[in-house]
Structure formats: C-alpha cells, structure tokens
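Listed here are the chains, written in short residue letters.
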Amino acid sequence: MLFTRFAPSPTGYLHRGHLLSALFVFAAADLFSAKVRLRIEDHDKSRARKEYIDSIPEDLERFGFKFESVSLQSKRQALYEKYAEILFSKQKLYPCSCSRKKLFEENPVNADGEVIYSGHCLKNPIDKNSDFALRFKTPDKTITWEDLLLGKFEENPKNQCGDFTIKDRISQWTYQFAVCVDDLEENIGLVVRGEDLRNSTARQIVLSEALGRKTPPLYLHHPLLTEKSGEKLSKRQHSKSLRAELEQGLSIEDLLGLVCCEAHSIPKKAPLTLNEAIYSIQKTYFSCFLKK
Ligand SMILES: [Zn+2]
C-alpha cells in the first residue's frame with residue numbers, strides 16, 4: 001500500500017494555501033491509489049499552539065477530507081531519540097555551539113538565505129558549557145532525484161547547506177530531521193508538498209538514507225498560491241483563515257471553487273464539491289498521468 005501525507009504546521013489556522021495543498025495531496029493520492037495520513041508538524045514548541053492543533057482536523061473534516069491516520073510530532077520524542085542514537089552510533093552527528101550571529105558572520109548563505117555551514121565546530125572542539133545544536137555530517141555527493149511534476153534535479157546538499165542541524169540549541173528537533181523520521185516510520189512512499197520545500201529534498205534524501213531508509217519516496221512539488229505582490233500566502237501576511245471566511249458567509253463549496261480559480265484549475269469563480277475540486281486539479285496539473 002502506498003501512503004502519502006498532508007502535513008501542516010499548527011502556527012495559525014488553516015488558510016486557502018493549505019486548502020490548495022490538501023487538494024494537491026488528495027488529487028495525487030487518487031491517481032496513485034495512495035492513502036493519506038494527516039501529520040500535524042508541531043515540532044517547534046515555541047510556535048505551535050493547542051487551539052491551532054485542535055483546529056486542523058476539525059477544519060479538514062468540514063471540507064470532507066478523510067485521513068488514514070492522524071499523528072502529532074510532539075508525541076514522538078522517544079522515536080526521534082531512537083533515530084538520533086542511530087546517527088550517533090554511525091558517527092554522523094557532532095555538536096555545534098555557534099550562535100545565530102556567528103553562523104551568519106562566518107558562513108556563506110545560499111539563494112534561500114540559509115547558512116552553508118563550513119563545519120567550524122567539527123574542526124574546533126566546542127565549549128562544553130555552552131548550549132549546542134546537533135549537526136548531521138552531510139555527505140559530499142550529488143543526489144539525482146526526479147520530481148513527478150518538475151522533472152529531474154541534480155543537487156549536492158553539501159554545497160546547498162553544508163552540515164545541517166537535526167536538533168537546535170534549545171533542544172528542539174528540527175523540521176528536516178522530524179520529517180525524515182516521520183516519513184520513514186509512517187511508510188510514506190509519496191511526498192506531495194509545496195514548491196517552497198523543494199530545496200529540502202536532496203538533504204532529506206541523504207539524511208533518510210543515514211537513518212536506514214532503503215529507497216527515497218517519490219516527490220511531487222506543487223505551485224503555491226501567492227499574494228498579489230507575488231509573495232507566498234501565509235499567516236504572517238494576514239491571510240484570512242478558512243474559519244474566518246466561513247464565518248463571513250462563504251460556503252465550503254464557494255471556498256473550494258475560489259481556491260481552484262486562484263490556482264487556475266477552473267476558468268472563473270464557481271462553487272465546487274470536493275470531488276470536482278480534486279478533479280479540476282488533476283485535469284490541470286496531472287494530465288500527464290491521466291493519459292496513461
Ligand atoms: Zn558551530
């Protein structure tokens with residue numbers, strides 16, 4: 001059985017961007033006969049809030065999405081410890097005490113504004129009394145992977161980001177690590193997510209391999225809804241929540257139609273059922289698979 005996942009972070013209520021992402025996940029799941037798991041990515045305790053965590057399954061259910069399982073990263077601490085031990089035993093981790101300021105002063109940054117870590121703390125023993133992060137020794141090799149929508153990529157994560165963190169200086173597991181463990185444990189064979197995460201793929205492939213994954217999942221990165229300014233739709237830019245839009249009088253079908261119209265899968269605004277919305281995404285974005 002093939003499994004995929006929808007994995008929002010509970011840092012706000014779900015908005016239209018999430019709705020589109022869920023439509024892409026379910027559209028792909030239908031085509032590839034995959035079952036969909038819901039994973040609430042609350043690994044960042046400073047940003048996740050209980051009211052948002054509780055709202056995610058409720059909101060998705062209102063739209064009619066059905067999930068094979070629901071999980072929370074915050075309930076998986078023991079599992080993350082177990083996989084960190086595997087990396088330790090393979091000598092793939094080392095502590096890094098660099099402050100954020102020092103990281104940006106002493107290392108180059110990539111096009112996404114991320115530090116390309118030079119390995120300073122691997123070469124220089126750290127001060128044991130300081131807080132430290134754990135870094136993964138990224139292998140220096142080119143990874144070739146094929147996105148189901150975007151085609152072939154060749155990337156060397158050593159050049160993209162260098163040795164990256166799996167645990168931060170305040171002892172929180174990082175997004176990259178938690179996702180690789182979760183995808184492995186939940187037997188996720190198809191990853192469908194927004195294009196903003198495409199650059200994480202090569203590093204997740206090498207980390208997953210070190211964790212013991214035999215073959216990487218299939219990847220599909222979909223376009224994102226953008227603000228008129230071209231910026232990604234997010235809570236920070238005061239995107240209205242789906243809840244607020246429903247309270248203001250829009251129906252579930254109105255919202256599904258609006259999102260599909262904004263994603264150009266229907267030519268003009270019209271209410272859609274969930275199945276119609278999923279089909280419009282398939283027809284517009286997945287026609288290459290439909291013909292087969
Ligand atoms: Zn360091």
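Owing to the predicted nature of the structure, the values given are computational and were not obtained by experimental measurement.

Engineer: Describe the overall build of the chain, with residues and values.
Structural biologist: Scanning the chain from N- to C-terminus turns up 12 helices and 10 strands. With the principal axes as the frame, the chain shows a C-alpha extent of 60 × 40 × 35 Å. For the chain, the proportion of its 292 residues judged to be buried stands at 36%. Sequence-distant contacts in the chain: of pairs separated by 6 or more residues, those separated by 24 or more amount to 73%.

Engineer: Residues and numbers for the packing of helix 3 (residues 77-89) against helix 7 (residues 175-185), please.
Structural biologist: For the pair helix 3 and helix 7, the least separation of the axes is 10 Å and the interaxial angle reads 100°. Considering the angle they form, helix 3 stands roughly perpendicular to helix 7. Along the contact surface, helix 3 presents Leu 79, Tyr 80 and Tyr 83, while helix 7 presents Phe 177, Ala 178, Val 181 and Glu 185. Here the contact of helix 3 with helix 7 is built from residues that sort into 6 nonpolar, no polar and 1 charged.

Engineer: Can you explain the environment of Thr 215? Please cite residues and give values.
Structural biologist: Secondary-structure assignment places Thr 215 in the loop between helix 8 (201-211) and strand 10 (218-222). Sequence spacing of Thr 215 and Gly 189 is 26 residues, and the spatial spacing of their C-alpha atoms is 8.9 Å.

Engineer: Explain helix 8 residue by residue, including any values.
Structural biologist: Three- or four-residue spacings in an α-helix give side chains the same orientation, since the helix completes a turn every 3.6 residues. Burial of helix 8 is extensive: 8 of the 11 residues sit out of reach of the surface. Among all positions of helix 8, only Thr 201, Ala 202, Arg 203, Gln 204, Ile 205, Val 206, Leu 207 and Leu 211 are buried. Gly 212 sits one or two residues past helix 8 and shows a positive phi near 115°.

Engineer: Give a description of the nonpolar core that names residues and reports values.
Structural biologist: Leu 23 and Val 25 are the most contacted members of the largest nonpolar core, which totals 39 residues. Elements with a contribution of two residues or more to this core: helix 1 (16-31), strand 2 (34-40), helix 2 (50-63), strand 9 (188-194), strand 10, helix 10 (252-262) and helix 11 (274-285). Here this core gets 10 residues from one element, more than from any other, and that element is helix 1. Filtering out sequence-adjacent residues up to four positions away, Leu 23 remains in contact with Val 259, Ala 277, Ile 278 and Ile 281. Ranked by size, the runner-up nonpolar core spans 25 residues in total, among them Cys 98, Ala 133, Val 181 and Val 206.

Engineer: Tell me what's going on with the domain arrangement of the chain, and back it up with residues and numbers.
Structural biologist: Here the domain parsing of the chain yields domain 1 (2-75 + 177-290) and domain 2 (78-176). Listed per partner, the contact involves 28 residues of domain 1 and 28 residues of domain 2. Looking at the side of domain 1 that touches domain 2, the elements with two or more residues in it are helix 7, helix 8 and strand 10. Per-element tally for the side of domain 1 that touches domain 2: the top contributor is helix 8, with 9 residues. Partitioning the side of domain 1 that touches domain 2 into residue classes produces 16 nonpolar, 8 polar and 4 charged.

Engineer: Tell me about the packing of helix 1 against helix 11, and please be specific about residues and values.
Structural biologist: Across the interface, helix 1 lies against helix 11 with an axial gap of 9 Å and an inter-helix angle of 75°. The pairing of helix 1 with helix 11 is recorded here as roughly perpendicular in orientation. In this structure, helix 1 contributes Leu 23, Phe 24, Phe 26, Ala 27, Asp 30 and Leu 31 to the contact, and helix 11 contributes Ala 277, Ile 278, Ile 281 and Gln 282. By residue class, the composition of the contact of helix 1 with helix 11 is 8 nonpolar, 1 polar and 1 charged.

Engineer: So what about the sheet that holds strand 4 (residues 93-96)? Which residues, and what values?
Structural biologist: Spatially, the 3 strands line up as an open sheet ordered 4-5-8, and their pairing is antiparallel. The sheet is open, and its two borders are formed by strand 4 and strand 8 (165-167), each paired with just one other strand. Put simply, the sheet's adjacent strands are angled 40° from each other on average, direction ignored.

Engineer: An account of unusual backbone geometry is requested, with residue identities and associated values reported.
Structural biologist: Even without glycine at this site, Ser 171 takes up a positive phi of about 65°. As for its placement among the helices and strands, Ser 171 is situated in the loop between strand 8 and helix 7. In this model, Asn 187 sits at a positive phi of 60°, which is unusual for a non-glycine residue. Within the secondary structure, Asn 187 is located in the loop between helix 7 and strand 9. For Asn 187, a count of 11 C-beta atoms within 10 Å translates into the label exposed.

Definitions and limits used
- Residues numbered from 1 in each chain as written.
- Predicted model: local features only at pLDDT ≥ 70, side-chain atom pairs only at ≥ 80, totals over all residues.
- Helix = DSSP H or I, 4+ residues; strand = E, 2+ residues; numbered from the N terminus.
- Buried ≥ 20, exposed ≤ 12 C-beta atoms within 10 Å, placed from the backbone.
- Contact = placed C-beta atoms within 7 Å.
- Axes fitted to C-alpha atoms, helices over the stretch in contact; angles between N-to-C directions.
- Parallel < 35°, antiparallel > 145°, perpendicular 65-115°, else oblique.
- Nonpolar A, V, L, I, M, F, W, Y, C, P; charged D, E, K, R; others polar.
- Core = buried A, V, L, I, M, F, W, Y, C linked by C-beta atoms within 7 Å.
- Domains from an automatic or database assignment.
- Pairing = 2+ DSSP bridges.

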